[in-house]
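# Architecture and fold: a report
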Amino acid sequence: MNPNPKQAPEPEQAREQPQAPGAGPEEGAEPYDATPFLPKRGRLPAHRRAAADCRGCPLHREATGTVFGRGAPDARLMLVGEQPGDREDREGVAFVGPAGQLLTRALRDAGIDEEEVYVTNAVKHFKFTRDETRKRRIHKAPSLRETLACRPWLAAELRLVSPDLIVTLGATAGRALLGPSFRVGADRGVPRPAPDPGEDGGKGRGPALPEGVQVLATVHPSAVLRARDADRERMYAGLVADLRTAAETLRSL
Ligand code: URA
């Protein structure tokens, strides 16, 4: 076992290309935006119902449906992943596929009761390409434009659940909440106060986070699943170590 599991490689970083705001092929493109689809009032169930009809970006066209967050509506701990996978898309429930099963095990090993957490994603529709046979759907990381489009849903979940601590899983969630310069390898495992949303009210960086909330970044469970056999155990240990830090942080708040 690697004595320092937090130094595990981060395959997800190789898979996802960081995108600076306004840079690359999205430059000049009109922003996508879920805002018009949000209900003016209501709690999580009202938002879940409204999200089912979201057309804020083109991802709804290919996906089976919107996958909203699930879990305790007053959770002190919120976990934020990237986007639903194939199984989540078919079942309409976040984190029920292989990554979700690994997350369930890691939470248990870290001493966190999954019944007490709220689990969601930065992007609420499954983005994928098809393999040559057109039978298999292959995960494709959401673009910055799609992630920003979906941010109002995440902001609403944060406001309504009002957690004390957010754990971001992987690069997309980290960038959605901590800004485009976020890197999992450099920024993981340390709880920090949510960034100041700045003069633009958070538009350029992430949703305006509930006051006083802490954020702790870790790897995505899919990165553990994708790791080579030799790396998988230490990456899993790193994920559990970060979740234990999350549990300790919650106890101290
Ligand atoms: N990966 C995610 O980021 N979220 C899910 O719900 C499933 C897999």
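The model shown is predicted, which means the values in this text are computed figures rather than measured ones.

## What about the packing of helix α4 (residues 98-109) against helix α9 (residues 229-252)?
- Between α4 and α9, the shortest axis-to-axis distance is 8 Å and the interhelical angle comes to 55°. Our classification of the angle between α4 and α9 gives oblique. Between α4 and α9 lies a crossing whose hand is right-handed. Contacts from Leu102, Arg105, Ala106, Leu107 and Asp109 of α4 reach α9 at Tyr236, Leu239, Val240, Leu243 and Arg244.
- A class-by-class count of the residues in the contact of α4 with α9 yields 7 nonpolar, no polar and 3 charged.

## Comments concerning the site of the ligand
- Within the structure, the ligand sits among Gly81, Glu82, Gln83, Pro84, Gly85, Glu88, Ala94, Phe95, Asn121 and His220.
- A distance of 2.9 Å separates a nitrogen atom of the ligand from a polar backbone atom of Gln83.
- Note that an oxygen atom of the ligand is positioned 2.7 Å from one of the side-chain N or O atoms of His220.
- In isolation the ligand offers 240 Å² of accessible surface; the protein chains occlude 94% of this area.

## With respect to the confidence of the model for the protein chain
- The predicted model of the protein chain averages 87 in pLDDT, with 85% of residues at 70 or higher.
- The model gives residues 1-25 a pLDDT under 50, and that stretch makes 52 contacts with residues more than four places away or in other chains.

## A look at the pattern of salt bridges
- Counted under the stated rule, the structure contains 12 salt bridges.
- Residues Asp86 and Arg137 are paired through a salt bridge, measuring 2.9 Å at the closest nitrogen-oxygen approach. In this pair, Asp86 is assigned in helix α3 (residues 86-91) and Arg137 in strand β5 (residues 137-139), connecting sequence segments 51 residues apart.
- The salt bridge partner of Glu157 is Lys124, with a shortest N-O separation of 2.7 Å. Pair noted here: Glu157 is in helix α5 (residues 144-161) and Lys124 is in the loop between β3 (117-121) and β4 (128-130), with a separation of 33 residues, a long-range link.
- Judged by relative accessible area, which is 0%, Glu157 ranks as buried.
- Under the relative-accessibility criterion, Lys124 is labelled buried at 1%.
- Within the structure, one salt-bridge network assembled from shared partners comprises Asp86, Asp89, Arg90 and Arg137.

## Focus: α5
- With 18 residues, α5 extends 25 Å from end C-alpha to end C-alpha; this agrees with the ideal 26 Å at 1.5 Å per step.
- Roughly 40° is the biggest bend found in α5, and it falls at Arg151, with proline Pro152 one to four residues downstream.
- By the criterion of burial, α5 is predominantly enclosed, with 14 of the 18 residues buried.
- One or two steps after α5, the chain reaches Ser162, where phi turns positive at roughly 50°.

## Observations concerning the environment of Arg244
- Mapping Arg244 onto the fold places it in helix α9.
- Sequence-wise, Arg244 and Gly189 are 55 residues apart; in three dimensions their C-alpha atoms are separated by 9.5 Å.
- Setting aside residues no more than four positions away along its own chain, Arg244 makes contact with Asp109 and Ala110.

## What about the packing of aromatic side chains?
- Throughout the structure, instances matching the rule amount to 2 aromatic pairs.
- Between Phe68 and Trp153 the ring centres are 6.2 Å apart and the planes differ by 90°, which places this aromatic pair in the edge-to-face class. Note that Phe68 is positioned in the loop between α2 (44-51) and β1 (70-71) and Trp153 in helix α5, a separation of 85 residues in sequence. Both residues of the pair, Phe68 and Trp153, count as buried.
- Sitting over the face of the ring of Phe68, Lys124 holds its NZ or CZ atom 5.9 Å from the ring centroid.
- In this structure, Arg145 packs its charged tip against the face of Tyr32, placed 3.8 Å from the ring centre.

Each value, and the rule that gives it
Sequence order as written defines the numbering, with residues in each chain counted from 1. Local features in a predicted model are, by the rule used here, given only for residues with pLDDT of at least 70; side-chain atom pairs are given and counted only at 80 or more, and totals for whole chains, interfaces and linings are based on all residues. The basis for the side-chain values is all heavy atoms of the structure; hydrogens and waters are excluded. Here, axes are lines fitted to C-alpha atoms. For helices the fit covers the stretch in contact, and angles between N-to-C directions go from 0 to 180 degrees. By definition, any uninterrupted DSSP run of H or I lasting at least four residues is a helix, any uninterrupted run of E lasting at least two residues is a strand, and each is numbered from the N terminus. Reported orientations rely on four angle classes, namely roughly parallel under 35 degrees, roughly antiparallel over 145, roughly perpendicular from 65 to 115, and oblique for the rest. We call a crossing left-handed when the near helix sits turned anticlockwise from the far one by less than a right angle, and right-handed when that turn is clockwise. In this description, contact between two residues means that some pair of their heavy atoms is separated by no more than 4.5 Å. Amino acid classes used here: Ala, Val, Leu, Ile, Met, Phe, Trp, Tyr, Cys and Pro are nonpolar; Asp, Glu, Lys and Arg are charged; the rest, including Gly, are polar. Nearness is defined per residue: one heavy atom within 4 Å of the molecule or strand is enough. Under the rule applied, a polar contact is a pair of N or O atoms within 3.5 Å (in protein, one hydrogen donor and one hydrogen acceptor; residues adjacent in sequence only if both atoms are side-chain atoms). Accessible surface area values rest on a Shrake-Rupley calculation with a 1.4 Å probe, where residue burial reflects the displayed protein chains alone. You can read pLDDT as the predictor saying how much it trusts each residue, on a scale of 0 to 100. Criterion for a salt bridge: a side-chain nitrogen of Lys or Arg within 4 Å of a carboxyl oxygen of Asp or Glu. Classification of residues uses two cut-offs on accessible area relative to the type maximum, computed with a 1.4 Å probe and protein chains only: under 20% is buried, over 50% is exposed, and between them is partly exposed. To estimate the expected span of a helix, count its residues, drop one, and scale the result by 1.5 Å. Here the bend at each residue means the angle between axes fitted to two seven-residue stretches, the one ending at that residue and the one beginning there. Only the six-membered ring of Trp is used, alongside the rings of Phe and Tyr, when aromatic pairs are assigned; centres must lie within 6.5 Å, and planes under 30 degrees apart are stacked while those over 60 apart are edge-to-face, with the rest tilted. Lysine NZ or arginine CZ positioned within 6 Å of the ring centre and within 35 degrees of the ring normal marks a charge as sitting over the ring.

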